[in-house]
Amino acid sequence: MRRVVTTQQMKEADEYTIRKMGIPSLVLMERAALACVDVLKREFPLERVLVLCGTGNNGGDGIAIGRILHLAGYDVTICLTGNDAHRSEENKTQKEIAENYGTTFVNNPDPAEYTTIVDSVFGIGLSRELSSQYCELFQKVNSSRAKVLAVDIPSGIHGNTAEILGEAVRADVTVTFAFAKPGLLMYPGADFIGRLEVCDIGIYEADNVVCQPDIRQLDERERAWIKRRNPGGNKGTFGKILLIAGSVNMCGASYLSGMAGFLTGAGMVKIHTVRENRVILQQQFPEAMLSVYDDTDPNLSGLEEAIGWADVIGIGPGLGTSRTAEELLDRVLAVCQVPLVIDADGLNLLSRDTDRLRELKCPCIVTPHLGEMGRLTGMDVSSIQKDRLKTAAEFAGNYHVVCVQKDARTVIADPEGMIFINTTGNSGMATAGSGDVLTGVILGLLGTGMPAREAAALGVWLHGCAGDAAARKVGEASVMAGKLLEEIPGCIRNDSNDTEEGKV
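Residues numbered from 1 in each chain as written. Predicted model: local features only at pLDDT ≥ 70, side-chain atom pairs only at ≥ 80, totals over all residues. Heavy atoms only, no water.

In the annotation of an unreviewed UniProt entry, the entry for the protein reads Bifunctional NAD(P)H-hydrate repair enzyme, and the organism field reads Ruminococcus gauvreauii. Under the UniProt heading Subunit (unreviewed entry), the note attached to the protein is "Homotetramer." (UniProt positions renumbered as here; feature names shortened; annotations may be inferred.)

Okay, structure coming up:
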């Protein structure tokens, strides 16, 4: 995992380094500038360089970058934006130093005349809508042919929520310092940052201090959570999954979830589904056991027998929202004492009375996409999107569940304040059945005895890894849920499956 900090946590870490550790702010600024210059020299066409600098310390970084490039013999022009009266002390000092070295400053440059543009107008502290003046400037930068490096974060992106505050610079590379920030990893902000490079410039958090929220970016190291399989085990050793899924004309979801559970390591899968699905599943999925019910009779005695058998339970994929489906959910919520995953129609049923979660006697993972999250919380999707980390964390805390809030960048939150951001996956996974596969992967990990938080987080990462592997083979437009199933074994096994991790 990689630490991710909010803008406030980054400010606190910065102040801790300066005030407690004694490293002057200008030293940190110089190190930030040198980190950016290193990337510029390595990757950018530096025939003509424009550095756009704001009034704060982010702008001070930019002035230092311009001065260092100028002294190295490059053709560099610095443009100062904003009101001079609002410049920070460090910004003023950097301007004076750059002037002493004869660095060129201009007003109203034409971005189209440059081969490289450095964006250091606004840093991670921006939280207000931009004026039309800045929107027009950023539009000119984006329409130019110049290659763009953003300092810390592309200007115009909210550092915590990833909102675009009117307009944002579209960078080819973003160099951020010490830690990634949520606005760099979440959409829509992530679409503007290009390649992200996190550079160590000497800013660290205080030792032995746990900051809340505790945000982490998932990466391949989480595979270490997978336990070594017991060589003397049997099919009952590796997890017995009960999957309550499928309805009339909706058989596929139960197959996709159940098969994903098997492929993730489960020893046994039993599906409790409508009688109409029996023949289809017996032909398509002979490895699974079946327990069936009629659409007007949920077969609660058969359900309770299956619950008593299971090590983990999943409910919802393709289940429908009938009265019978609600009876099934109510019984599971009432008696379940093993880890439980609620997905899809299970969440839609749950949204009729979300307080039922408070009575649970078992660990629970909920996996809503944004529409389902809206129904669970009573919020509209646009409000959820404005701060997805907050809504996921609040739901997890309020109902004491692990919340897997699915989207292009999935957020996983637990009741204790830990938040994971996943950056594997691609647009090809926005396809029917993809969420059913995720449910099965999480169930399979739970069946190995993995705790709910880790199973949810690693399940999301592996699911995205499978999507990236599938997209490399067939292209994003042609990824289907069945292709995800094919790639799960390689992602667990780590057969040199180079994921898109880090390409945010």
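There's plenty left to go through after this.
A. The arrangement of the UniProt feature "binding site: AMP" (unreviewed entry) in the protein in detail. Residues given the UniProt feature "binding site: AMP" (unreviewed entry) here are Lys-406, Asp-407, Ala-408, Arg-409, Thr-410 and Gly-435. Despite a sequence span of 30 residues, these residues sit close together in the fold, their greatest C-alpha distance being 13.5 Å. Mapped onto the elements, Lys-406 comes out in the loop between strand 16 (402-405) and strand 17 (411-413). Apart from residues lying up to four places away in sequence, Lys-406 is in contact with Asp-343, Thr-367, Pro-368, His-369, Leu-370, Arg-388, Gly-435 and Leu-438. Structurally, the position occupied by Thr-410 is in the loop between strand 16 and strand 17. With sequence-adjacent residues up to four places away left out, Thr-410 is seen in contact with Arg-388, Val-404, Gln-405, Phe-420, Ile-421, Asn-422 and Val-460. Polar side-chain contacts of Thr-410 include one of 3.2 Å to the backbone oxygen of Asp-407. (Helix = DSSP H or I, 4+ residues; strand = E, 2+ residues; numbered from the N terminus. Contact = heavy atoms within 4.5 Å. Polar contact = N/O pair within 3.5 Å; in protein donor to acceptor, adjacent residues only side chain to side chain.)

B. The sheet that holds strand 8 (residues 195-199), seen in detail. One open sheet accounts for seven strands, arranged 4-3-2-5-6-7-8; its pairing is parallel. Edge strands, defined here as strands with exactly one partner in the open sheet, are strand 4 (104-106) and strand 8. Within this sheet the neighbouring strands show an average axis-to-axis angle of 20°, counted without direction. The sheet contact formed by strand 6 (residues 147-151) and strand 7 (residues 173-177) spans three bridges and is parallel. Bridging across to strand 7, Val-151 finds its partner in Val-175. (Pairing = 2+ DSSP bridges. Axes fitted to C-alpha atoms, helices over the stretch in contact; angles between N-to-C directions.)

C. Representation of the nonpolar core within the structure. Ranked by size, the top nonpolar core spans 95 residues in total, and within it Ile-313, Leu-340 and Ile-342 carry the most contacts. Apart from the residues within four sequence positions on either side, Leu-340 is in contact with Ile-313, Ile-315, Val-332, Leu-333, Leu-360, Cys-362, Pro-363, Cys-364 and Ile-365. Ranked by size, the runner-up nonpolar core spans 51 residues in total, among them Met-259, Ala-266, Ile-271 and Ala-456. (Core = buried A, V, L, I, M, F, W, Y, C linked by side-chain atoms within 4.5 Å. Buried < 20%, exposed > 50% of the residue type's maximum accessible area, 1.4 Å probe, protein only.)

D. Broad picture of the UniProt feature "binding site: K(+)" (unreviewed entry) in the protein. Look at the UniProt record and you will see "binding site: K(+)" (unreviewed entry) annotated at Asn-58, Asp-119 and Ser-155. Judged by maximum C-alpha separation, these annotated positions cover 98 residues in sequence but sit close together in space, the widest gap being only 10.0 Å. Within the element layout of this structure, Asn-58 appears in helix 3 (residues 57-71). Residues contacting Asn-58, with those up to four places away along its chain left out, are Ser-120, Val-121, Phe-122, Gly-123, Val-151 and Asp-152. Assignment of secondary structure puts Asp-119 in strand 5 (residues 116-120). Asp-119 gets classed as buried once you look at its relative accessible area, which sits at 1%. Non-local contacts of Asp-119, meaning those with residues more than four positions away in its chain, are made with Leu-52, Leu-149, Ala-150, Val-151, Ile-153, Pro-154, Ser-155 and Val-169.

E. Looking closely at unusual backbone geometry. Omega for the bond connecting Tyr-187 with Pro-188 falls within 30 degrees of zero, at 10°, which places this linkage in the cis form. Note that Pro-188 resides in the loop between helix 6 (182-185) and strand 8. Here the phi dihedral of Asp-152 falls at roughly 75°; this positive angle occurs in a residue that is not glycine. Along the chain, Asp-152 falls in the loop between strand 6 and strand 7. You will see that Asn-299, though not glycine, has its phi angle at about 55°, which is positive. With respect to the secondary-structure elements, Asn-299 resides in the loop between strand 12 (289-293) and helix 9 (300-309).

F. Representation of the pattern of salt bridges. Counted by the stated rule, this structure contains 30 salt bridges. Here Glu-30 makes a salt bridge to Arg-67, at a shortest N to O gap of 2.7 Å. Here the residue Glu-30 occupies a position in helix 2 (residues 25-43), and Arg-67 occupies one in helix 3, the gap between them amounting to 37 residues. Its relative accessible area of 24% is what places Glu-30 among the partly exposed residues. Given the relative accessible area of 7%, Arg-67 is considered buried. Via salt bridges that share partners, Asp-38, Arg-42, Glu-43, Arg-195 and Glu-197 belong to a single interconnected network. (Salt bridge = Lys/Arg side-chain N within 4 Å of Asp/Glu carboxyl O.)

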